[in-house]
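Residue-level listing of the chains:
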Amino acid sequence: RRYKQTVGYWQCFSAAGKIWWKDIYSSAGLCGSQKDIRVKIGQSDFKLNGFFQNIAAYVSKKGSLNANVELQSNFIDAKDLSSESVAEKVDIQAERAFILPDDIEGVALLNIGQLKYETHTFNKLQSNLRIAKRVLTFDNLSLQNAGANIKGNAEIKEIKPEILLISTNVSSNNIYFKNLF
């Protein structure tokens, strides 16, 4: 059976929903015996499988959201997830605000085919991501960038609003600096 959605056609929906993500319309749903959520935002695609706990308390700002998920994607463009297009439409003098959440805790197994961030492209990105109190910890990180195979660990900590401390311990046997810039 096919169910027509505004964004396209999806098969075997047992549930469906609409998501508004920073002024970009998307659709999501659960398919038959599969327990994953599939979302497309701009050119980026996501398949999320796992569980979230404490949703009601999180939504009502009375508690933290706990997550244990697997995130798979063929392609993510970071600009699809930014609020830049919304900020351009609003004429206000914004103060610095925290980017990373302090009320989401959990783990995510990442498997991303290609991640684009401005002029950088990261391929075959895999990691065990831990999230807690404005800290993202990437354990067992592996990826390809500018022709290099990179492995290691990384941590991104937001120490003040929009001030990030990035720590890495990575290795590669084929880094070509010319390709990085």
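Residues numbered from 1 in each chain as written. Predicted model: local features only at pLDDT ≥ 70, side-chain atom pairs only at ≥ 80, totals over all residues. Heavy atoms only, no water.

### Quick notes on the packing of aromatic side chains
Logical step 1: Under the definition given, this model contains zero aromatic pairs.
Logical step 2: Across the ring face of Phe98, the terminal group of Arg134 is positioned such that the distance to the ring centre comes to 3.5 Å. (Phe/Tyr/Trp six-rings, centres within 6.5 Å; stacked < 30°, edge-to-face > 60°. Lys NZ or Arg CZ within 6 Å of the ring centre and 35° of its normal.)

### Remarks on the pairing of strand β11 (residues 135-145)
The two faces of the sheet receive side chains in turn, since in a regular strand these alternate between them.
Logical step 1: For β11, the buried fraction is high: eight of the eleven residues fall into the buried class.
Logical step 2: Direction of pairing for strand β10 (residues 120-132) relative to β11: antiparallel, over a ladder of eight bridges. Of the residues in β11, the one forming a bridge with Leu129 is Phe138.
Logical step 3: The antiparallel hairpin formed by β10 and β11 contains two residues in its connecting segment, where Lys133 sits at a positive phi of about 45 degrees.
Logical step 4: Sheet topology places β11 next to strand β12 (residues 148-160); nine bridges connect them, and they run antiparallel. Among the inter-strand pairings, Asn145 is bridged to a residue of β12, identified as Ala148. (Buried < 20%, exposed > 50% of the residue type's maximum accessible area, 1.4 Å probe, protein only. Helix = DSSP H or I, 4+ residues; strand = E, 2+ residues; numbered from the N terminus. Pairing = 2+ DSSP bridges.)

### Some thoughts on the nonpolar core
Logical step 1: Counting residues in hydrophobic clusters, the biggest one holds 23 residues, and the most contacted among them are Phe46, Leu110, Leu125, Leu129, Leu136, Phe138 and Leu141.
Logical step 2: Residue assignment for this core shows that the elements contributing at least two residues are β5 (37-41), β7 (65-73), β9 (104-117), β10, β11 and β12.
Logical step 3: The residues contacting Phe138, other than those within four sequence positions of it, are Leu110, Ser127, Asn128, Leu129, Gly152, Asn153, Ala154 and Ile156. (Core = buried A, V, L, I, M, F, W, Y, C linked by side-chain atoms within 4.5 Å. Contact = heavy atoms within 4.5 Å.)

The values reported here are purely geometric and, on their own, carry no functional implication.
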